[in-house]
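Here is how the chains run, residue by residue.
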Amino acid sequence: MKTQSERLGEIIEVSTTGFTAQCYELYELPPLGSLVKTTEGDIELYAVVYQATTEGLEPGRKPIARGKDEASEEAIFQSSPQLAKLLRSEFSALVVGHKDGDKILQYLPPRPARIHSFVHACMPGEIKAFSQAFGFLNILVNAELETPSDELIAAVLRLMSTMHEDSRAFLVGTGKELAALLGQDYAKLKAVLERIKP
Amino acid sequence: MLDLSRVAGQIEEMVGQLKAGGQERQEHLARALTLMVDRTLDFEKLKRKAAQSKTTFLVAGLVELLATHTQSIDTPTDFSIIATDGSQIDVDRHQSARCYLINIGRIRLDYGQNPRAMLESLPKLCANDNDLVISNGTKEQVVEGALLNIKRSVDECKHLAEMAAELLISQPSLAVIDGSLILWGLASKEYPDFVVEELLDKGFIKCLDDMLKLAKDRPFALASYISFPRSTDVVNALRLALCPHDLADCDKYCGEINIGKRPCDAVAGVQDRDLFANLLADGERSALFTSQSKIVKENYGKHWVNFFYMKLEDEIARVEIPEWVAQDAAKLGLTHALMLDQCRRGQGYPAALAEAHEQAVVTGAVRQNFQQLVEILMTDEHMLQATSAKSRSKKTRWV
C-alpha cells in the first residue's frame with residue numbers, strides 16, 4: 001500500500017464550495033465520489049470528486065475522429081504523439097469539510113483553496129478518519145451539481161465503506177442519516193439505497 | 001465600417017470575369033501540358049536556354065526531365081520531425097514604449113517505437129537598441145514591419161537549427177520550415193548591404209550552415225513547405241520552349257510587343273500547380289528544379305534552393321530544399337517520404353507545421369492583452385504614458 005498520497009492535479013478554478021483541477025497526465029482521473037484533499041495555509045480541505053471531463057486544451061480546437069484506418073485506440077496516439085499534449089483531463093470536487101489542527105470539521109472552511117494548489121488523493125486512513133462522522137452527507141444532499149446527487153452520494157458511500165472493517169455497519173449508519181435528511185424525498189432516498197446495497 | 005451590401009455587386013462582377021477567363025486558361029494549360037510530355041523537346045538545349053536567357057520573369061533551372069514523376073519510398077520505422085513557426089507583435093508607433101515581440105512555436109514529434117511529442121512556444125520581447133535597429137556603426141535600419149517579418153523568419157531558422165542539434169544521431173529526421181527557403185522579403189526591397197549581411201549571411205545562412213554540418217554524418221534533411229503555391233517558375237521554363245530565339249532576351253526581342261501577344265504567352269496564366277495536378281499521381285513528386293532568383297544566386301552558395309512539387313489528396317504543394325539535400329539521393333528520398341507522411345497525418349498539411357503554428361499564433365485578443373500589460377506595468381512604475389490621440393480614439397469609440 002502506498003504510504004504517500006498521490007498528487008492528482010492542480011487547481012485551475014476555485015470557489016467557496018468547490019474547485020476544478022487539471023490532471024498532470026491525460027485520463028489520470030480520480031474516481032467519481034473519491035475523497036481528495038488540498039491545503040489553504042494551515043488548513044487541509046477535503047472534497048469529493050463529482051465531475052470529470054476530457055477535452056481539447058484550447059476552446060477553439062475540437063478533437064476530430066482519427067482512427068478510421070488505425071488498428072487500435074493506442075495506435076491513434078502513436079501516429080499522432082502530439083495528441084496527448086493537446087487534450088486535458090479535469091475533475092471538479094465539492095468541498096465537504098476541512099481539518100484544522102487535529103480536528104476534522106464537516107462543514108465549509110473559512111477560505112477557499114488557491115489557484116495552482118496541488119490536489120492529492122486521500123489515504124485509506126484519512127478516508128476512514130473523515131467518515132467517522134456523517135455531517136458531510138448534508139452538504140452532498142444539498143449541493144446542486146451537474147451530477148445527480150443520488151449517484152454521487154452512492155458513489156461516495158461505496159468507496160468509503162471499503163475503508164471500514166465493518167462496511168455493512170457503516171452503510172447502515174449512513175443509510176439512517178440519509179433517511180433523516182431525505183425524509184421528504186423518498187424517491188431519492190430509494191435511489192441512493194439501491195445503489196449502495198452490498 | 002465596410003458596407004458589405006455595396007461590395008456584393010462588385011464580387012459578382014469579379015466572379016463573372018474569372019469565369020470568362022477560365023476558357024482561355026484551359027487552352028493555355030493544355031498547351032503547357034503538351035510541352036511537359038513532349039519527347040521531341042531537346043531537354044539539354046532547353047536547360048541551357050533556361051540557364052542563360054535574359055528574361056523578365058523568373059525561370060526554373062532544370063535538373064531532371066520535365067515529365068519525371070517519382071513515387072515516395074517507404075517511411076522508416078522510427079523517425080523524428082522538427083518544425084518551427086513564428087508570429088510577432090509589431091512596434092506600435094502610437095504607444096510610448098518602443099518594443100516588439102516575436103513568439104516562436106517549436107515542435108518535435110518522434111514516431112515509431114517510442115512516440116513522443118514536444119510542443120512549446122517561446123516568446124521574446126525586444127526593446128534593446130540592438131534589437132530595434134540593425135546598424136553597421138554609421139548607418140542604421142529600423143526593425144519593424146516587413147523587416148521584422150524577415151527577422152522572425154531568421155529566428156524561426158535559428159530555433160530549428162538549435163533543435164536539430166538535439167536530435168538522435170542515428171534517427172532519420174526532417175527539419176521543416178513554413179513557407180519558402182528563399183527570404184523573398186529581403187529580395188523585394190532595396191535593403192542596404194549591411195542589413196542583408198546581418199539577416200541573411202550571419203543569420204539565415206549561418207543556421208543552414210549549422211544544419212549542413214549536422215547532416216554530413218547522419219540521415220538528416222531540411223525542407224520548407226509551401227501550401228497552395230502560386231509560383232510559375234516551371235511554366236516560365238515552358239515559355240522558353242515556345243520562344244523562337246536561340247537565347248531569350250525579353251526586353252530586346254519582345255520589349256515593344258504587348259503582353260498577351262508574345263509567342264510565349266500561349267502558356268500565360270497557367271501556374272506550376274496546374275501542371276502538376278495533371279501530371280502527378282497521389283503522393284508522387286515532380287522533377288527537381290532549381291531557383292534562379294537573384295537572392296539565391298548571390299547569397300545561398302552551397303544551400304542553393306532546389307524544389308519539387310508533390311501531389312496530395314487535395315492540393316499540390318511545393319517543397320524547397322537546399323542543394324545538399326537535392327544532390328543526396330537518400331536525403332531527397334527521405335524528405336519526400338517524411339513530408340508526404342506528415343501531410344497524411346495532418347489532414348493534408350504537415351502535422352508538425354500545423355502544431356508549430358498553433359504554438360506561435362498571437363490572436364487579436366492576446367495582442368490587446370499584451371499592450372494592456374505593457375501599459376499597466378509602466379503605470380505601476382509611475383512612468384509617463386504618452387499614447388497617441390489616434391490610438392485612444394480607436395479604443396474609446398463614441399457617437
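Residues numbered from 1 in each chain as written. Chains lettered and ligands numbered in written order. Predicted model: local features only at pLDDT ≥ 70, side-chain atom pairs only at ≥ 80, totals over all residues. Heavy atoms only, no water.

1. Things to note about the overall build of chain B
Then comes step 1: Counting its regular elements, chain B contains 15 helices and 11 strands.
Then comes step 2: In terms of C-alpha radius of gyration, chain B reaches 24 Å, essentially the compact-globule figure of 21 Å for 399 residues.
Then comes step 3: Taken across its 399 residues, chain B has 49% of its residues classed as buried.
Then comes step 4: The contacts in chain B between residues at least 6 apart in sequence include a share of 75% that link residues at least 24 apart. (Helix = DSSP H or I, 4+ residues; strand = E, 2+ residues; numbered from the N terminus. Rg over C-alpha atoms; globule rule 2.2 N^0.38 Å. Buried < 20%, exposed > 50% of the residue type's maximum accessible area, 1.4 Å probe, protein only. Contact = heavy atoms within 4.5 Å.)

2. Structural notes on a nonpolar patch on the surface
Then comes step 1: On the surface, Ile11(B), Met14(B), Val15(B) and Leu18(B) cluster together to form a nonpolar patch covering roughly 380 Å² of accessible area.
Then comes step 2: Classification of Ile11(B) as partly exposed rests on a relative accessible area of 40%. (Patch = residues over 30% accessible without salt bridge, like charges linked within 9 Å, V, L, I, M, F, W, Y side chains within 5 Å. Areas by Shrake-Rupley, 256 points an atom, 1.4 Å probe, with all protein chains shown as cover. Salt bridge = Lys/Arg side-chain N within 4 Å of Asp/Glu carboxyl O.)

3. Side note on the pairing of strand β2 (residues 79-89) of chain B
Residue and element names in this part refer to chain B.
Then comes step 1: Judged by how many residues are buried, β2 sits mostly within the fold: 11 of 11 residues are covered.
Then comes step 2: Both faces of β2 are covered, namely the face carrying Phe79, Ile81, Ala83, Asp85, Ser87 and Ile89 and the face carrying Ser80, Ile82, Thr84, Gly86 and Gln88.
Then comes step 3: As paired strands, β2 and strand β3 (residues 100-111) are joined by 11 bridges and run antiparallel to one another. Counterpart to Gly86 in the pairing with β3 is Ile104. (Pairing = 2+ DSSP bridges.)

4. Description of the packing of aromatic side chains
Residues and elements named next belong to chain B.
Then comes step 1: Inspection of every chain in the model, using the stated rule, returns 10 aromatic pairs over all chains.
Then comes step 2: Between Tyr225 and Tyr349, the aromatic rings sit 5.6 Å apart at their centres with planes inclined by 85 degrees, giving edge-to-face as the arrangement. With Tyr225 in strand β8 (residues 220-227) and Tyr349 in the loop between α12 (329-345) and α13 (351-360), this residue pair connects regions lying 124 residues apart in the sequence.
Then comes step 3: Judged by relative accessible area, Tyr225 falls into the buried class, the value being 1%.
Then comes step 4: By relative accessible area, which is 25% here, Tyr349 ends up partly exposed.
Then comes step 5: The interplanar angle of 85 degrees and the centroid separation of 5.8 Å between the aromatic rings of Phe307 and Tyr309 together place this pair among those described as edge-to-face.
Then comes step 6: Grouping aromatic residues by their ring pairs yields a cluster made of Phe276, Phe289, Phe307 and Tyr309.
Then comes step 7: Lying across the ring of Phe308, Arg285 places its NZ or CZ 5.7 Å from the centre. (Phe/Tyr/Trp six-rings, centres within 6.5 Å; stacked < 30°, edge-to-face > 60°. Lys NZ or Arg CZ within 6 Å of the ring centre and 35° of its normal.)

5. Overview of the layout of surface pockets
Then comes step 1: In this structure, the largest pocket encloses a volume near 770 Å³.
Then comes step 2: Elements with a contribution of two residues or more to the lining of the largest pocket: α1 (73-79) of chain A together with α12 of chain B.
Then comes step 3: Take the lining of the largest pocket: its biggest share by element is six residues, from α12(B).
Then comes step 4: A volume near 580 Å³ is recorded for the second largest pocket.
Then comes step 5: Contributions of two or more residues to the lining of the second largest pocket are made by β4 (43-56), α1 and α2 (83-86) of chain A together with α13 of chain B. (1 Å grid on protein atoms, 1.4 Å probe; cavity = no way out; pocket = protein on both sides within 12 Å on 5 of 7 lines; lining within 4 Å. Points joined across faces, edges and corners; volume = space filled by probe spheres on them.)

6. Brief notes about the sheet that holds strand β1 (residues 61-62) of chain B
Residue and element names in this part refer to chain B.
Then comes step 1: Strand order in the open sheet formed by nine strands is β1-β9-β10-β11-β8-β7-β2-β3-β4, and the pairing between neighbours is mixed. The open sheet has two edge strands, β1 and β4 (116-126), and neither has a second partner.
Then comes step 2: Its contacts with the sheet place α12 against β2, β3, β7 (173-178), β8, β10 (305-311) and β11 (316-322), and it is angled at close to 50 degrees to β8. (Axes fitted to C-alpha atoms, helices over the stretch in contact; angles between N-to-C directions.)

7. Considerations on the pairing of β4(B)
Both faces of the sheet carry side chains from a regular strand, because those side chains alternate between them.
All names here are of chain B.
Then comes step 1: One ladder, built from 11 bridges, connects β3 with β4; its direction is antiparallel. Its bridge partner lying in β4, Asn103 is registered against Pro123.
Then comes step 2: Connecting the antiparallel pair β3 and β4 is a turn made up of four residues, with Gly112 showing a positive phi of about 115 degrees.

8. Overview of the interface of chain A and chain B
Then comes step 1: Between chain A and chain B, the residue contacts involve 10 residues of the former and 13 residues of the latter.
Then comes step 2: Between chain A and chain B the total buried area reaches about 1,000 Å² when both faces are included, carbon and sulfur atoms providing 51% of it.
Then comes step 3: Together, Arg61(A), Pro81(A) and Gln82(A) form the three largest contributors to the area buried by chain A at its contact with chain B, with a combined 45%.
Then comes step 4: Here chain A is connected to chain B by two salt bridges. (Buried area = accessible area lost by both parts, 1.4 Å probe.)

9. Side note on the pattern of salt bridges
Then comes step 1: Counting across every chain of the model gives 27 salt bridges over all chains.
Then comes step 2: Across the pair Arg239(B) and Asp265(B) runs a salt bridge, and its minimum N-O distance is 2.9 Å. Here Arg239(B) is found in helix α7 (residues 233-242), whereas its partner Asp265(B) is found in the loop between α8 (250-254) and α9 (272-279), with 26 residues between them in sequence. Considered together, Arg239(B) and Asp265(B) belong to a single accessibility category, that of buried residues.
Then comes step 3: Through salt bridges that share partners, Glu40(A), Arg111(A) and Arg114(A) make up one connected network.

10. Side note on the state of the cysteines
Residues and elements named next belong to chain B.
Then comes step 1: Throughout the structure, instances matching the rule amount to zero disulfides over all chains.
Then comes step 2: Among the cysteines around Cys243, which has no disulfide bond, Cys254 carries the closest sulfur, lying 6.5 Å off.
Then comes step 3: For the unlinked cysteine Cys343, the closest cysteine sulfur is that of Cys157, found at 20 Å. (Disulfide = S-S within 2.5 Å.)

11. Points about empty space enclosed by the protein
Gaps left between atoms show up when a probe the size of a water molecule is rolled over them.
Residue and element names in this part refer to chain B.
Then comes step 1: The tally for this structure, following the rule as stated, stands at two cavities of 30 Å³ or more.
Then comes step 2: In this model, the largest cavity occupies a volume close to 110 Å³.
Then comes step 3: What lines the largest cavity is a set of 14 residues, and nearest its centre among them are Cys243, Ala248, Cys250, Cys254 and Cys264.
Then comes step 4: When contributions to the lining of the largest cavity are tallied by element, the ones reaching two or more residues are α7 and α8.
Then comes step 5: Of the residues contributing to the lining of the largest cavity, the split by class is 10 nonpolar, one polar and three charged.
Then comes step 6: For the second largest cavity, the calculated volume is near 60 Å³.
Then comes step 7: Here the residues of the lining of the second largest cavity sort into four nonpolar, two polar and two charged. (Nonpolar A, V, L, I, M, F, W, Y, C, P; charged D, E, K, R; others polar.)

12. Some words on the packing of helix α6 (residues 167-181) of chain A against helix α7 (residues 186-196) of chain A
If you want to describe how two helices pack, look at the angle between their axes and the distance between the axes.
Residues and elements named next belong to chain A.
Then comes step 1: Contact geometry for α6 and α7: axes closest at 10 Å, N-to-C directions at 170 degrees. With respect to α7, the element α6 is oriented roughly antiparallel. Every residue of α7 that contacts α6 at Leu171, Gly175, Leu178 and Ala179 is listed here: Leu189, Val192, Leu193 and Ile196.
Then comes step 2: Residue composition of the contact of α6 with α7, by class: seven nonpolar, one polar and no charged. (Parallel < 35°, antiparallel > 145°, perpendicular 65-115°, else oblique.)

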